Amino acid sequence: MCYAEDEAHNVSETTNWTWTVDTVHPKVKLTSSTPKTFNEYKVPLIVDVAFTEPVVGFNGDCVTVTRGVVTNWTGSGSSYTVYIDPDEEGDKEAFVPVSVKIEKGAVTDPAGNDNEASNVLEFKNVTKLPTVTLTTETPDAFNSSKLPFVVTAEFVRGKKLEPAIVTNFTEAAISVENGTVSDISPNFATNIYTFTVKPEGEGPIIVRIPEEVVADEAGNLNEASDPLIRTYDNSIPTDLKIL
């Protein structure tokens, strides 16, 4: 409470002042609707920033991005949206690991309290198409004694041939000439599939995976495999020669 008194001892009315002491540091949480594994050409990388109170001084430079840059931001007060352009994949990379965070002290509240550090969001930017290789232990020419004819399909990505996780790999994704497919068995840890091919008749059996029949976790459709060719010959020789 304050008042004033003049030389004649006249006293003014009292006046009250109050001050609010703010020592609370604003907290911040990052969220995103972008999938953890994504393709930047299909889905943009957008991060939402939520502070526990209005802050001052926020801009794109307040966001720390590993393997990417902030291209734009919007918002005010306590809520912001940040748009990020990931780096391109290197020749030997199967994906680009992108991390996003806000460091401690990047902004302040109106009282000058620095923000606390945010959580860290981590993403994989995948733009390379998955490739698939078909192999078998069945010899080039075989008969019924070598059945079953089992084929292995391995999906990889990049020059390091890292496993590419694909979805919807079913019998419909496999093309077989002179044969039928059954018994697909996946190994989800390595993303290697095996399946059995039953010959429909004698002659060449051609197995292939056409392009764009399965997708990886980022939505990239596969490239076509090379054909796997084996010849089924179950005929008994009839033209015998005695030496």
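In the block above lies the structure referred to throughout.
Remember, predicted model here, so these are calculated numbers, not experimental data. (Residues numbered from 1 in each chain as written. Predicted model: local features only at pLDDT ≥ 70, side-chain atom pairs only at ≥ 80, totals over all residues. Heavy atoms only, no water.)

### Description of the pairing of strand β19 (residues 228–232)
- Side chains Leu 228, Arg 230 and Tyr 232 project from β19 onto a buried face, and the interleaved Ile 229 and Thr 231 project onto a face without burial.
- Two elements, strand β10 (residues 141–142) and β19, share 2 bridges in a ladder whose sense is parallel. Directly across from Ala 141, in β19, lies its bridge partner Thr 231.
- By the bridge criterion, 5 bridges tie strand β17 (residues 203–208) to β19 in an arrangement that is antiparallel. Across the sheet, residue Val 207 finds its bridge partner in β19, namely Leu 228. (Buried < 20%, exposed > 50% of the residue type's maximum accessible area, 1.4 Å probe, protein only. Helix = DSSP H or I, 4+ residues; strand = E, 2+ residues; numbered from the N terminus. Pairing = 2+ DSSP bridges.)

### Focus: the sheet that holds strand β7 (residues 96–101)
- The strand order across the open sheet built from 4 strands is β2-β8-β7-β4, with neighbouring strands paired in mixed fashion. The sheet is open, and its two borders are formed by β2 (37–38) and β4 (64–66), each paired with just one other strand.
- Pairing between β4 and β7: 3 bridges, direction antiparallel. In the sheet register, Thr 66 faces β7, and the bridge partner there is Ser 99.

### Quick word on the pattern of salt bridges
- Enumeration over the complete set of coordinates arrives at 8 salt bridges.
- In this structure, Asp 216 and Arg 157 form a salt bridge, with 2.8 Å as the shortest nitrogen-oxygen distance. Of the two residues, Asp 216 is situated in strand β18 (residues 215–216) and Arg 157 in strand β11 (residues 149–157); the sequence distance between them amounts to 59 residues.
- The exposure class of Asp 216 is buried, given its relative accessible area of 3%.
- Since its relative accessible area comes to 3%, Arg 157 is described here as buried.
- Notably, a salt bridge pairs Glu 177 with Arg 208, separated by 3.1 Å at the nearest N-O pair. Separated by 31 residues along the polypeptide, Glu 177 in strand β14 (residues 175–177) and Arg 208 in strand β17 bring together distant segments of the chain.
- Given a relative accessible area of 27%, Arg 208 falls into the partly exposed group.
- Here the salt bridges do not stand alone but share partners, grouping Arg 67, Asp 87 and Glu 93 into one network. (Salt bridge = Lys/Arg side-chain N within 4 Å of Asp/Glu carboxyl O.)

### Let's talk about unusual backbone geometry
- The peptide bond linking Leu 147 to Pro 148 adopts the cis configuration, its omega dihedral lying at 5 degrees.
- Along the polypeptide, Pro 148 turns up in the loop between β10 and β11.
- One non-glycine residue, Arg 67, adopts positive backbone phi at about 65 degrees.
- Looking at the secondary structure, you find Arg 67 in the loop between β4 and β5 (68–76).

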